[in-house]
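Examining the three-dimensional arrangement
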Amino acid sequence: QVQLVESGGGKVQAGGSLRLSCAASGRSVNNMHMAWFRQIPGREREFVAAVHWNGHNIYYGDSVKGRFTISRDGGKNIVYLQMVDLKPEDTAVYYCAGDPGSAYRVEVQEGYIYWGQGTQVTVSS
């Protein structure tokens, strides 16, 4: 019943910015851990960012710290990923995920049972 739909992906030049959106339905983004992961061909799915359900704990993968910002709008039930200073190595399919309350750490994918279909981000040089 819970669905996550990503949008906002596209192609940008290195140094550009992009904002991804994850629209949730069936469950409040304030009632589950929300995260962004990305998948690069030939590589393991990588943790990007997460916000704890209480909104007080935010985490970022090392490769995106200082450049990406996760936020949420509880009223609209949307989670965002603001990306700035994009680099070619950021090229990937970005997935939104939700964890309704597992015991897993937010940076591991095992706890996330809700997943979007992904949105492609391509950064060219």
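Here we summarise the structure given alongside this text. Just so it is clear, the structure is predicted and the values come from calculations on it, not from any experiment. (Residues numbered from 1 in each chain as written. Predicted model: local features only at pLDDT ≥ 70, side-chain atom pairs only at ≥ 80, totals over all residues. Heavy atoms only, no water.)

1. Describing the packing of aromatic side chains
- Under the definition given, this model contains four aromatic pairs.
- Each ring, one from Phe 37 and one from Tyr 112, has its centre 5.4 Å from the other, and the planes form 75 degrees; the classification is edge-to-face. Of this pair, Phe 37 sits in strand S4 (residues 33-39) while Tyr 112 is found in the loop between strand S9 (92-99) and strand S10 (114-115), placing the two residues 75 residues apart along the sequence.
- Look at Phe 37 and you get buried, because its relative accessible area is 1%.
- A relative accessible area of 4% means that Tyr 112 is categorised as buried.
- Feature note: the residues Phe 37, Phe 47, Tyr 112 and Trp 115 constitute an aromatic cluster, connected by ring pairs.
- For Arg 45, the ring lying beneath its charged end belongs to Tyr 95, and the centroid distance is 4.5 Å.
- The side chain of Arg 45 reaches across the aromatic face of Trp 115, ending 4.8 Å from its centre. (Phe/Tyr/Trp six-rings, centres within 6.5 Å; stacked < 30°, edge-to-face > 60°. Helix = DSSP H or I, 4+ residues; strand = E, 2+ residues; numbered from the N terminus. Buried < 20%, exposed > 50% of the residue type's maximum accessible area, 1.4 Å probe, protein only. Lys NZ or Arg CZ within 6 Å of the ring centre and 35° of its normal.)

2. Some points on unusual backbone geometry
- Positive phi, normally seen in glycine, also occurs at Asn 77, with a value near 60 degrees.
- Turning to its location among the elements, Asn 77 is positioned in the loop between strand S7 (68-73) and strand S8 (78-83).
- Phi at Asp 85 takes a positive value of approximately 50 degrees, unusual for a residue other than glycine.
- Relative to the helices and strands, Asp 85 is located in the loop between S8 and S9.

3. Here we look at the environment of Ala 103
- Locating Ala 103 in the fold gives a position in the loop between S9 and S10.
- By relative accessible area, which is 83% here, Ala 103 ends up exposed.
- As for Ala 103 and Glu 89, which are separated by 14 residues in sequence, their C-alpha atoms are 31 Å apart.

4. Quick notes on the side chain of His 33
- By the secondary structure assignment, His 33 is in strand S4.
- Accessibility expressed as a relative area gives 7% for His 33, which makes it buried.
- Separated by 3.0 Å, the side chain of His 33 and the backbone nitrogen of Trp 53 make a polar contact.
- In this structure, His 33 is in contact with Val 51, His 52, Trp 53, Ala 97, Gly 98, Asp 99, Val 106 and Tyr 112, ignoring residues within four places of it in sequence. (Polar contact = N/O pair within 3.5 Å; in protein donor to acceptor, adjacent residues only side chain to side chain. Contact = heavy atoms within 4.5 Å.)

5. Let's talk about the environment of Gly 55
- Looking at the secondary structure, you find Gly 55 in the loop between strand S5 (46-51) and strand S6 (58-60).
- The class for Gly 55 is partly exposed, based on a relative accessible area of 29%.
- In this structure, the C-alpha to C-alpha distance between Gly 55 and Val 29, residues 26 residues apart in sequence, is 9.7 Å.

6. With respect to the state of the cysteines
- If you walk through the whole model with that rule in mind, you get one disulfide.
- Each disulfide pairs two cysteine sulfurs, and for Cys 22 the partner residue is Cys 96, the sulfurs being separated by 2.0 Å. Between Cys 22 and Cys 96, the disulfide has an S-S torsion of -75 degrees and is therefore left-handed. One end of the pair, Cys 22, is in strand S3 (residues 18-25); the other, Cys 96, is in strand S9, and 74 residues separate them in sequence.
- Note on Cys 96: relative accessible area 0%, which makes it buried. (Disulfide = S-S within 2.5 Å.)

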